[in-house]
Amino acid sequence: MKRVVIHTDGGCQPNPGVGAWAAVLRYGDQSKELVGGDQDTTNNQMELTAAIMSLEALKEPCEVELHTDSEYVKKGLNEWMPGWKRAGWKRKTGELKNVDLWKRLDAATQRHRIQWHWVRGHAGNPDNERCDELCRLEIERRHRSPRR
């Protein structure tokens, strides 16, 4: 299996509001940047979308080292998701927010072997900083041209 290293980030300005997601994918000496966004979203939705889009971009099953600075994504995958799935994608306390994105992320993980890593945001990790910059630029672009 190919080994791919992925860093992801997502954000909104304001939250909720105009948002963006980004990912940096590395395979050997090759790299690819992905970026997108939405005019009406939340920070958590953009963090989830970054992970989803990066995994869906892989054309074949891979060994993936995925880095996120989102506690929400990290805890959702490692702590909460097994219980949600057992309970039919519901929480004990009521409706599960972003259930469509969680289901899509769950599906995107199935064909890969993934090691999830949490990284502190804004702490000098070059690929995390690049994702943050791509998000900021995309949010600025969407504020200037809201119809795109």
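The structure this text deals with has already been given above.
Here goes a summary of the coordinates provided.

Calculation rules
Residues numbered from 1 in each chain as written. Predicted model: local features only at pLDDT ≥ 70, side-chain atom pairs only at ≥ 80, totals over all residues. Heavy atoms only, no water. Helix = DSSP H or I, 4+ residues; strand = E, 2+ residues; numbered from the N terminus. Buried < 20%, exposed > 50% of the residue type's maximum accessible area, 1.4 Å probe, protein only. Contact = heavy atoms within 4.5 Å. Areas by Shrake-Rupley, 256 points an atom, 1.4 Å probe, with all protein chains shown as cover. Disulfide = S-S within 2.5 Å. Expected span 1.5 Å × (residues − 1). Polar contact = N/O pair within 3.5 Å; in protein donor to acceptor, adjacent residues only side chain to side chain. Pairing = 2+ DSSP bridges. Axes fitted to C-alpha atoms, helices over the stretch in contact; angles between N-to-C directions.

### Some remarks on the overall build of the protein chain
At step 1: When its secondary structure is counted, the protein chain shows 4 helices and 5 strands.
At step 2: Taken from the N to the C terminus, the helices and strands of the protein chain come in the order β-β-β-α-β-α-α-β-α.
At step 3: Across the 148 residues of the protein chain, 43% fall into the buried class.
At step 4: Sequence separation of 24 or more characterises 67% of the internal contacts of the protein chain that already satisfy a separation of 6 or more.
At step 5: Counting only carbon and sulfur atoms, one obtains 47% of the accessible surface of the protein chain, whose full area is about 8,400 Å².

### Some thoughts on the state of the cysteines
At step 1: On inspection of all chains with the given rule, the structure shows 0 disulfides.
At step 2: The thiol of cysteine 12 is not disulfide-bonded; the next cysteine sulfur, from cysteine 135, is found 9.6 Å away.
At step 3: Looking at cysteine 12, the relative accessible area reads 13%, which means it is buried.
At step 4: Looking at the unpaired cysteine 135, the closest cysteine sulfur is the one in cysteine 131, lying at 6.8 Å.
At step 5: Using a relative accessible area of 3% as the deciding quantity, one classes cysteine 135 as buried.

### A closer look at helix H1 (residues 43-56)
At step 1: For H1, spanning 14 residues, the distance from its first C-alpha to its last is 20 Å, which sits close to the expected 20 Å at 1.5 Å a residue.
At step 2: Where H1 is concerned, the buried positions are Met46, Glu47, Leu48, Thr49, Ala50, Ala51, Ile52, Ser54 and Leu55.

### Examining the environment of aspartate 38
At step 1: Structurally, the position occupied by aspartate 38 is in strand E3 (residues 30-41).
At step 2: Aspartate 38 sits in the partly exposed class, given a relative accessible area of 35%.
At step 3: Between the alpha carbons of aspartate 38 and histidine 122 there is a distance of 23 Å; along the sequence they are 84 residues apart.
At step 4: If we skip the residues at most four places from it in the chain, aspartate 38 touches Gly17, Val18, Gly19, Met46 and Arg142.
At step 5: In terms of polar contacts, aspartate 38 uses its side chain to reach the backbone amide nitrogen of aspartate 40, at 3.2 Å.

### Some words on the sheet that holds E3
At step 1: Ordered by their spatial adjacency, 5 strands build an open sheet running E3-E2-E1-E4-E5, and the pairing between neighbours is mixed. Looking along the sheet, the strands with just one partner apiece sit at the ends: E3 and strand E5 (113-118). Taken pair by pair, the neighbouring strands of this sheet meet at an average axis angle of 20 degrees, ignoring direction.
At step 2: Across 6 bridges, strand E4 (residues 62-68) lies against E5 in parallel orientation. Bridging across to E5, valine 64 finds its partner in isoleucine 114.
At step 3: Along the sheet face, H1 touches strand E1 (2-13), strand E2 (17-27), E3, E4 and E5 and points at about 155 degrees away from the line of E1.

### A short note on the pairing of E2
At step 1: For E2, a buried count of 9 out of 11 residues is recorded, marking the element as mostly surrounded by other parts of the structure.
At step 2: Here E1 pairs with E2 via 9 bridges, running antiparallel. Bridge pairing in E2 links histidine 7 to valine 24.
At step 3: Hairpin connection from E1 to E2: 3 residues lie between these consecutive antiparallel strands.
At step 4: Taking the residues that link successive antiparallel strands as the turn, the E2-E3 hairpin has 2 residues, and the phi of glycine 28 there is positive, at about 60 degrees.

### With respect to the pairing of E3
At step 1: Here E2 runs beside E3; their pairing, made up of 10 bridges, is antiparallel. By the bridge assignment for E3, glycine 19 is matched with aspartate 38.

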